[in-house]
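One letter stands for each residue in the lines below.
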Amino acid sequence: MMSIVARLNGFVRFIPQFKKNALTSVIFSLLLLMVQSCTDHQASADSLEQRVQEILSSMTLEQKVGQMIQGEIRFMSPQDVKDYSIGSVLNGGGAFPNNDQNASIDDWLALADAYYSASMDTSAGGAGIPIIWGTDAVHGHNNVVGATLFPHNIGLGAANDPALMRSIGEAVAKEVAVTGLDWIFAPTVAVVKDYRWGRTYEGYSSEAAIPKAYASEIVIGMQGDINELATRHDKVIATAKHFIGDGGTYRGIDQGDTLLSLEALLELHGQGYHSAIEADVQTVMASFNSWNGEKIHGHRQLLTDILKDQMGFDGILVSDWNGTGQVQGCTDEICAQAINAGIDMVMVPEDWKPMLLNTIEQVKEGLIPMSRIDDAVTRILRVKLRLGLYQKGLPSSRELAGNQRLMGSKQHREIAREAVRKSLVLLKNQQNILPIKPNQHVLVAGDGANDIAKQSGGWTITWQGTELDNSDFPNATSIYQGIQQAVTSNGGSTELNEKGEWNKKPDIAVVVFGEEPYAEGQGDVETLGYKGGATNDLQLIQKLREQNIPVVSVFITGRPLWMNAEINASNAFVVAWLPGSEGQGVADVLIADKKGQARYDFTGQLSFEWPNADINIDDAKLPVTEQLLNIGAGLSYGDEAILSSSLRDKPLSNVATVGEVIFAGSSRGAWTMLAGDEDSWRQEIKGRSFVSKKQGLKVSVVNGMVQEDSRLVEWTGKHQSQFYWRSIQAMDMTALEKQNKALIMTYRVDSHPQGSVTQRMDCTWPCAGAQDVTELFARATLGQWNKTAINLSCFAEAGADLSRINIPFLLTGSDAFAITIKDIRIDDAESSELIDCKPVFINYD
């Protein structure tokens, strides 16, 4: 800034030597204004830095370290904020005021006020520094029921529209401001190199160009001009994340190791950060991954030497959720290494108090230099002053606070709808079957047709985006609802049936299907095969085609997957990604107007390569050496085909010999979670809590080892009840048995069984094999995690036909019992995990 001002002043002093005409007078006047503006901004910056130092010099060590702590609202009260001068709180995915998923805007504001007031209270020796509240608003204000949900980043990347990103950033900032929050943990600027990563959909592209173009636009949309941020009540601060290399880990393993030279790391994964910093992004979040074996959270070269010094980042570097605890020699409660490496604010959701107290002691012991603490707090104060937290006052008193009309407003939903239209990628349009013409009877089928949670993906109300139904999305529109509105408006009719059955033969069918919602960790997959090789959606498409019904497939997905068989079977194939709350955007492009003309054309193009194999082609020597489609592929109406009419549709991996994941934080593949009791054995479990019809069984989403990764299953003792996973399509597990695979369960017993408990594997009831697991659970230490395995041969010996398993895991009992289940899979087991066969031979009479 100073060099610019000096040069302009020098130029202005040189002006009088020239004879000025009218044009040059205008130019000179503008230059003088620029000089004055730069001078004013510099003076303002100098004043802000002076104020930072004044506050810093008045603070005790305890107050300084308190500013460096960020706790989670479920574990940190306003009283804690007051007592320990806490600098920040966050609400993680699935965290709400009063632990109420349906918390109102007033509830959010009331809690924000309570935290703010506590932070400003100096009666108990507090520092009187306003707190800042961060939230994962990654595709809209997605923790708040009724907010606008935009397409996830993978879809926005396909839109390739930087200006649209600024509009989205503006809209999200306003909806966050309505609830009184100040800080958004977005944008994610990851460059995703392996689609097996469970966070693939959080990336815009597999190449750096789009994240680089988008980062500055999103940041400007959220923050505006940094010099006006203190007075703008419609702006919040943004976060570029996760620094650095999160999308480049080996085999796409979440929080894994990125193996690159420094030059390649910065070239491939650093472009979005340069762009965000140029736009004055106020925070950067460190990444969970390692770089060449060393955890980023403890890497001084990357965090300080490069990010802060070379890139010139002067804001807050915040850790990710307990990320400091992964640094070698650290735990969630203590980590001098991370702070010394450059972490300014430590996100320690639950263990914040030990971290605070231990950090204070480490400073006193000389393990953390006071200069490092002062630098961290300087950065925190700088951002808080830039944001204007002192003068903006109580969150509920701010201009947009409580404005119900802005939350999920029509204007914001129109922006989201536009984003959906632009994100759609057309891969196939045989005989120009699209757009769907007027006066047609349209069957809409598939399990994604009328499921807003599924079309919205992870990070939607809950962390994983699971256990929701359409009632959780007021004013949102499912893909079916959008199609219904569009078709009926041009003289046609619709029929909705998930299984593809119909009363009136349709002229055309739209089949909407795809991945179930997931988020980080739980979204990692072993192969790029769809649903682990399950073919139930393919069979639905084929069934309709056999009835001479043309099929338009709409694929909901958070990553490119090997879909050759489904593409072959479809007349048209559309990739919808994870479109969010505005399902009409899909219909806008698919359904013609009354004259039979396209209302909107397809403009989306792949921002990731599309695979031509279910195995990553970089992993091994394969007969397939090229991707099916490259970045930039995508049809518009009237374009020539870009795919062969007969793609290779035989998998290269053998799912039957590599194992099967049934549940890992969420139901996987084709498996659906169900429960039941007498008279109603088959009740699908949806929502965060479930009670069976006769109240014999309760199922709840709980935090096991991480957020929302487990299910608490409670038998009340009122009736015989069962809990299980089922697939419509039976699976042949004979090859797994030959490989000595076992059914492995990771669990925790919360209360011992008061009667017998049986574990079953069914081959379409009454075909079943059962094992007595009463003693196993009765002897378990309460509250302790265990991993237990039963060989598949045990179930076969007890009567299960392993060639046609449709229920791989079922627990049943009549008496009181509680167990938390984290993981169910069929795989190789350690000898220490295996238990003896204890068959129960069932009397079916």
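Residues numbered from 1 in each chain as written. Predicted model: local features only at pLDDT ≥ 70, side-chain atom pairs only at ≥ 80, totals over all residues. Heavy atoms only, no water.

Caption draft 1: Representation of the overall build of the chain. If you tally the helices and strands in the chain, you get 25 helices and 31 strands. On C-alpha atoms alone, the chain measures out to a radius of gyration of 29 Å, which is about the 28 Å that the 2.2 N^0.38 rule sets for 845 residues. Counting only C-alpha atoms, the chain reaches 100 × 70 × 50 Å along its principal axes. Counting contacts in the chain only where the partners sit at least 6 residues apart, residues at least 24 apart contribute 77% of the total. With 72 positive and 102 negative side-chain charges, the chain shows a separation of 5 Å between the mean positions of the two kinds. (Helix = DSSP H or I, 4+ residues; strand = E, 2+ residues; numbered from the N terminus. Rg over C-alpha atoms; globule rule 2.2 N^0.38 Å. Contact = heavy atoms within 4.5 Å. Lys, Arg positive; Asp, Glu negative; His and termini not counted. Charge placed at Lys NZ, Arg CZ, Asp CG, Glu CD.)

Caption draft 2: Representation of the sheet that holds strand β7 (residues 283–286) in the model. Spatially, the 3 strands line up as an open sheet ordered β5-β7-β10, and their pairing is parallel. Taken across any chain shown, the strands that pair with only one partner, and hence form the sheet edges, are β5 (239–243) and β10 (316–318). Each adjacent strand pair in this sheet contributes to an overall mean axis angle of 25 degrees, direction not counted. Across 4 bridges, the pairing between β5 and β7 is parallel. By the bridge assignment, A240 is partnered in β7 with V284. (Pairing = 2+ DSSP bridges. Axes fitted to C-alpha atoms, helices over the stretch in contact; angles between N-to-C directions.)

Caption draft 3: Layout of helix α19 (residues 536–546). What α19 keeps buried is the set D537, L538, L540, I541 and L544. Relative to the axis of α19, the buried residues are bounded by an arc of 160 degrees and lie together on one face. Positive phi appears at N548, one or two residues downstream of α19, with a value of about 60 degrees. (Buried < 20%, exposed > 50% of the residue type's maximum accessible area, 1.4 Å probe, protein only. Arc of directions from axis to C-beta.)

Caption draft 4: Summary view of the packing of helix α7 (residues 162–178) against helix α16 (residues 410–423). For the pair α7 and α16, interaxial distance at closest approach is 10 Å and the crossing angle is 145 degrees. The way α7 lies across α16 gives a crossing that is left-handed. The segment α7 lies against α16, with L164, S167, I168, A171, K174 and E175 engaging H412, I415, E418, A419 and K422. The residue inventory of the contact of α7 with α16, partitioned by class, reads 5 nonpolar, 2 polar and 4 charged. (Left-handed = near helix turned anticlockwise from the far one by under 90°. Nonpolar A, V, L, I, M, F, W, Y, C, P; charged D, E, K, R; others polar.)

Caption draft 5: Quick peek at the pattern of salt bridges. If you walk through the whole model with that rule in mind, you get 42 salt bridges. The residue E516 makes a salt bridge to K454 at a minimum N-O spacing of 2.8 Å. Placement of E516 in the loop between β15 (508–514) and α19 and of K454 in helix α17 (residues 452–456) is noted, with a sequence separation of 62 residues between them. (Salt bridge = Lys/Arg side-chain N within 4 Å of Asp/Glu carboxyl O.)

Caption draft 6: Structural view of the packing of aromatic side chains. Tallied over the full model, the rule gives 22 aromatic pairs. Put simply, the rings of F513, Y530, F555, F573, W577 and W610 pair up and form one aromatic cluster. The lysine or arginine in question, R51, covers the ring of Y390, its NZ or CZ lying 5.9 Å from the ring centre. Just above the ring of Y600 sits the side chain of R421; from NZ or CZ to the centre is 4.0 Å. (Phe/Tyr/Trp six-rings, centres within 6.5 Å; stacked < 30°, edge-to-face > 60°. Lys NZ or Arg CZ within 6 Å of the ring centre and 35° of its normal.)

Caption draft 7: A look at the sheet that holds strand β3 (residues 132–135). The 5 strands are arranged β4-β3-β2-β1-β11 in an open sheet whose pairing can be described as parallel. Because the sheet does not close on itself, it has two edges, and the strands there are β4 (183–184) and β11 (346–347).

Caption draft 8: Spatial organisation of the pairing of strand β20 (residues 680–684). The pairing of strand β19 (residues 672–677) with β20 spans 3 bridges and is classified as antiparallel. Its bridge partner being in β20, A675 is matched across the sheet by Q683. Connecting β19 to the antiparallel partner β20 that follows it, the hairpin turn spans 2 residues, and D679 within it adopts a positive phi of roughly 80 degrees.

Caption draft 9: Spotlight on the nonpolar core. Counting residues in each nonpolar core, the largest one holds 127 residues, and the members touching the most others are W133, I168, F243, V281 and V284. Ranked by residue count, the leading element in this core is α7, at 9 residues. Counting 76 residues, the second largest nonpolar core, distinct from the first, contains A449, A509, V511 and V586. (Core = buried A, V, L, I, M, F, W, Y, C linked by side-chain atoms within 4.5 Å.)

Caption draft 10: Fine view of the environment of S570. Note that S570 resides in the loop between α20 (564–569) and β17 (572–577). Of the residues examined, S570 reaches a relative accessible area of 0% and is grouped as buried. It is 18 Å that separates the C-alpha atoms of S570 and N497, two residues lying 73 residues apart in sequence. Setting aside residues up to four positions removed in sequence, S570 forms contacts with K428, Q430, I541, R545, V551 and S553. Separated by 2.6 Å, the side chains of S570 and S553 make a polar contact. Polar contacts involving the side chain of S570 include one to the main-chain carbonyl oxygen of E566, which spans 2.6 Å. (Polar contact = N/O pair within 3.5 Å; in protein donor to acceptor, adjacent residues only side chain to side chain.)

Caption draft 11: Spotlight on the layout of surface pockets. By volume, the second largest pocket is sized at about 1200 Å³. Forming the boundary of the second largest pocket are 42 residues, of which D447, E498, E516, T672 and E684 lie nearest the centre. Taken together, the elements giving at least two residues each to the lining of the second largest pocket come down to α17, α19 and β19. Top element by residues in the lining of the second largest pocket is α19. It accounts for 5 residues. Class assignment for the residues of the lining of the second largest pocket results in 12 nonpolar, 14 polar and 16 charged. (1 Å grid on protein atoms, 1.4 Å probe; cavity = no way out; pocket = protein on both sides within 12 Å on 5 of 7 lines; lining within 4 Å. Points joined across faces, edges and corners; volume = space filled by probe spheres on them.)

Caption draft 12: Looking closely at the packing of helix α9 (residues 262–269) against helix α11 (residues 300–310). For the pair α9 and α11, interaxial distance at closest approach is 13 Å and the crossing angle is 65 degrees. The angle between the axes of α9 and α11 places the two elements in the roughly perpendicular class. Between α9 and α11 the crossing geometry is right-handed. Here L262, L265 and L266 of α9 come into contact with α11, specifically with Q301, L302 and I306. Residue composition of the contact of α9 with α11, by class: 5 nonpolar, 1 polar and no charged. (Parallel < 35°, antiparallel > 145°, perpendicular 65-115°, else oblique.)

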